[in-house]
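Structure at a glance
These are the residues of each chain, in order.
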Amino acid sequence: MGGSPLKQPETPVPLTQLARERWKYSRLSAFEEAVKPSQDAQDAMTLSGVDTLDALTAAESRTLLERLRPDTGDYPLLATVDRDAGQMHALRVARQQNATIDLVRVAGTSACLIDIAPDAQTNATLRIDAAEASHGTLYVRVGAGSHLQLTTRIIDQAALSWTYLGIDLAEGASLVLNQQLIGIGQHRFETRLRFLAGNARATVRGAALAAHGARFDQQVTVEHVAGHSVSDQRFHTAAMTKGRSTFNGRIHIHPQAPGTRADLANRNLLLDDSAEINAKPELEIYTDDVQCSHGSTVGALDPEALFLMRSRGVPEPVARRLLIAAFLNETLSDADRDDASAAIERYLAGAAP
Amino acid sequence: MTALLAIDNLSARVGEKPILKGLSLAIQPGEVHAIMGPNGSGKSTLANLLAGKPGYEVTSGTVQFNGTDLLSQEAEERSHAGLFLAFQYPVEIPGVSNMEFLKAALDQHAAARGEDAPATGAFIKRVRELANELDLNAEFLKRGVNEGFSGGEKKRNEILQLRLLEPTLAVLDETDSGLDIDALRVVGEGVNAFRSPTNGVLMITHYQRLLDHIRPNFVHVLSDGQIIRTGGPELALELEEKGYGWLAA
């Protein structure tokens, strides 16, 4: 790792002085400048589908946040933009409840805490739709035997954004996480999943298209704290003219996590000489008896596939669009894909000669 | 009568390596020609070059297709003009469904003719019919192009594309490789259904067994980039018995 590890500094170090590898490819000053005192967290986000949900008490919120909030040394922006429990939207999905929650960050700094009780079902989206720079956190605890389906969506957002998403999974919990990052702007998205008990499962799919001049930075950490759980991650990213993408995917298997199955596949398409991809998969294993795989690839479109399509009469620009869309479609879930697919088509059509 | 395909003194190289060395061949409408020859003789180069695959440099000679200069056309233009290559190793394209792929191809052919895209209902019906004839499970339409297909299914999918696009010249590059006896029969029937007095077939093969199913008018032996012998179907039988050594000597 570049630089020295930073553990809860007494005096916060200015972000621009950080040389940590995780920030190596993002222009920190842009994020630092965008961190401004913003309006009340309650106005930063619109929520729907929450009428039937209870609010957490202040004490409950504090306790839960203490568990979920990571070491800010690992997430330096968090120290600056995170909110106190009292300023967050704090919700509970009750036992056996079936909830559909839509969260839209519209401005400033948003903060939301969701506690999903055991044996509940939650279908949620987190979308950014902000005209100016915005930051936000979403913390979720998925209770024992509960299921969370979450789609995060940043499409066509010209304004800079930074997001921290932290999810803890209890015994037998399951998560399907779909992350969409499509278009322009500068966006950094940090995701941390923790398996705190066994028999839990997470399926993570990410589709990113960095169009003209976009700067995307995805940082994903999966921590298997307890054993006998399964994580399966696949991220596909394509970078167009002057688009830049950074992906760090880290799997950390703790000493008390035998029987873990963890896979991470990251594939990247460079679509132009001016595009840039930085990708690093990391795997740290501190126990025996695990099955893991991790890998990143960076390449161009498959010339054989391109030739097959052309030989069937599909002109090269059309064939390229079909192949790029197909590559991204592989990591878009069937549900929630319409907006993303339409945006992808639009950017690819604009890019065609 | 204008030849369907007229190759005249064609030489080509890949990188610095000459592969074809003055090859000439003419196919008239209605004819089936087989090209046989040892590994490395230039068979697949000829097929890929005719279809317009990048990476081949023509150093001399001409190719006329229906009286027009083939070599100046892009791969997609050659397809629109009626040339079809059935691949030796059809590539898998995950994420693009067969249906989407076939529709894109047909739509582009219609557009090149200045016509509207075919109606989706009629298109689906036609694809199902062909899939049925070729013993391909209709489920394959939803899957990615050739994704997870067996070798035989990939080749049958090539023939389905051939039948759907209705070209005037089909170039079959070792379509028999990797086929079991039943699949070979199905593929042979597919190609025979395509044959007509106005179109032609150029099939490249190592083995005589494909010629039991698709009866050629002419058999050529390609060796070191040139056609060194031309005969009727009996030549293939002779090759099967004696190998290529007696010709090259």
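Everything here concerns the structure above.
The following paragraphs examine the structure supplied in this document. All values reported here derive from a predicted model rather than from experimental measurement.

**With respect to the nonpolar core**
Counting residues in hydrophobic clusters, the biggest one holds 106 residues, and the most contacted among them are Leu209 and Met309 of chain A together with Ile7, Leu50, Ile93, Leu160 and Met203 of chain B. Broken down by element, the residue count for this core peaks at eight residues, all from helix H5 (residues 316-329) of chain A. Core analysis: the next-biggest nonpolar cluster, separate from the first, contains 51 residues, Ile114, Ile128, Leu181 and Ala208 of chain A among them.

**Concerning the packing of helix H4 (residues 303-311) of chain A against H5 of chain A**
Residue and element names in this part refer to chain A. Orientation of H4 relative to H5, taken along the N-to-C sense of each, is 130°, at an axis distance of 9 Å. With respect to each other, H4 and H5 are oriented oblique. Our pair here, H4 against H5, has a crossing hand that is right-handed. Note on element contacts: H5 touches H4 through Glu316, Ala319, Arg320, Leu322 and Leu323, opposite Ala305, Leu306, Met309 and Arg310.

**Section: the packing of aromatic side chains**
All names here are of chain A. Under the counting rule described, the total for this entry stands at six aromatic pairs over all chains. An angle of 70° between the planes, with centres 4.9 Å apart, marks the rings of tyrosine 75 and tyrosine 164 as edge-to-face. Separated by 89 residues along the polypeptide, tyrosine 75 in the loop between helix H2 (58-68) and helix H3 (76-81) and tyrosine 164 in strand S9 (residues 161-169) bring together distant segments of the chain. Side by side, tyrosine 75 and tyrosine 164 carry an identical accessibility label, which is buried. When the centroid spacing of 5.6 Å and the interplanar angle of 50° are considered together, the rings of tyrosine 139 and tyrosine 164 count as tilted. Placement of tyrosine 139 in strand S7 (residues 134-142) and of tyrosine 164 in strand S9 is noted, with a sequence separation of 25 residues between them. For the pair tyrosine 139 and tyrosine 164, one class covers both residues: buried.

**Points about H2 of chain A**
All names here are of chain A. When we look at burial in H2, the residues that qualify are Ser61, Leu64, Leu65 and Leu68. What you see down the axis of H2 is that its buried residues fit within an arc of 100°, all on one side. Facing away from the buried side of H2 by over 90 degrees, the exposed positions are Glu66 and Arg67. As for H2, its buried residues are in contact with strand S3 (89-93), strand S5 (109-116), S7, S9 and strand S11 (186-195).

**Considerations on the sheet that holds strand S12 (residues 201-210) of chain A**
All names here are of chain A. If you walk across this open sheet you meet the nine strands as S1-S4-S6-S8-S10-S12-S14-S16-S18, and the pairing is mixed. Of all strands in the sheet, those with a lone pairing partner are strand S1 (45-48) and strand S18 (291-299), marking the two edges. Here the average twist between neighbouring strands, direction ignored, is 10°. Where H5 meets the sheet, its contacts fall on S12, strand S14 (230-239) and strand S16 (261-270), and the angle it forms with S14 comes to roughly 155°.

**Examining the interface of chain A and chain B**
Counting residues at the interface gives 18 residues for chain A, matched by 30 residues for chain B. Of the roughly 2,000 Å² buried between chain A and chain B on both sides combined, carbon and sulfur atoms contribute 67%. When the buried surface of chain A facing chain B is broken down by residue, Phe307, Arg310 and Arg312 of chain A rank first, second and third, together holding 39% of it. Applying the counting criterion to the chain A and chain B interface returns four salt bridges. Between arginine 312 of chain A and glutamate 158 of chain B there is a salt bridge, with the nearest N and O atoms lying 2.7 Å from each other. For the pair chain A and chain B, the number of links is eleven residue pairs in polar contact (both at pLDDT 80 or more). Within the residue set of the side of chain A that touches chain B, elements represented by two or more residues are H4 and H5 of chain A. If you tally residues by element for the side of chain A that touches chain B, the top one is H4 of chain A, at seven residues.

**Some remarks on the pairing of S3 of chain A**
Residue and element names in this part refer to chain A. Buried residues dominate S3, accounting for four of its five residues. Two strands pair when backbone bridges link them, and strand S2 (residues 54-55) and S3 are joined in this way by two bridges, in the antiparallel orientation. In the sheet register, alanine 55 faces S3, and the bridge partner there is leucine 91. Relative to S5, S3 runs parallel, the two being bridged by five bridges. Of the residues in S5, the one forming a bridge with alanine 90 is leucine 113.

Parameters and conventions
- By convention here, each chain's residues receive numbers from 1 onward along its written sequence.
- As a convention, the first chain written is A and the first ligand written is 1, with the rest following in written order.
- For a predicted model such as this one, the threshold for reporting local features is a pLDDT of at least 70, and the threshold for listing and counting side-chain atom pairs is 80 or more; totals across whole chains, interfaces and linings nevertheless cover every residue.
- Note: side-chain values were computed over all heavy atoms of the structure, leaving out hydrogens and water.
- Nonpolar core, defined: a set of buried Ala, Val, Leu, Ile, Met, Phe, Trp, Tyr and Cys residues in which side-chain atoms within 4.5 Å join the residues together.
- Buried, partly exposed and exposed residues are distinguished by accessible area as a fraction of the type maximum, computed with a 1.4 Å probe on protein chains only: under 20%, between the cut-offs, and over 50%, respectively.
- Each helix is a run of DSSP H or I of at least 4 residues and each strand a run of E of at least 2, with the numbering of both proceeding from the N terminus.
- Working convention: axes come from line fits to C-alpha atoms, limited for helices to the stretch in contact. Angles between N-to-C directions cover 0 to 180 degrees.
- Convention used here: angles under 35 degrees read as roughly parallel, angles over 145 as roughly antiparallel, angles from 65 to 115 as roughly perpendicular, and any remaining angle as oblique.
- Left-handed is the label given to a crossing in which the near helix is rotated counterclockwise from the far helix by less than a right angle, and right-handed is the label when the rotation is clockwise.
- In this description, contact between two residues means that some pair of their heavy atoms is separated by no more than 4.5 Å.
- Aromatic contacts are taken between Phe, Tyr and Trp rings whose centres are within 6.5 Å, Trp giving its six-membered ring; a plane angle under 30 degrees counts as stacked, one over 60 as edge-to-face, and the others as tilted.
- Directions drawn from the helix axis to the C-beta atoms are what define this arc.
- Note on pairing: DSSP must find at least two bridges between two strands before they are called paired.
- The term buried area means the drop in 1.4 Å probe accessible area that two parts suffer when joined, counted for both and summed.
- The salt bridge definition used is simple: a Lys or Arg side-chain nitrogen within 4 Å of an Asp or Glu carboxyl oxygen.
- Residues adjacent in sequence count toward polar contacts only when both atoms are side-chain atoms; beyond that, a polar contact is any pair of N or O atoms within 3.5 Å, and within protein one must be able to donate a hydrogen and the other to accept it.

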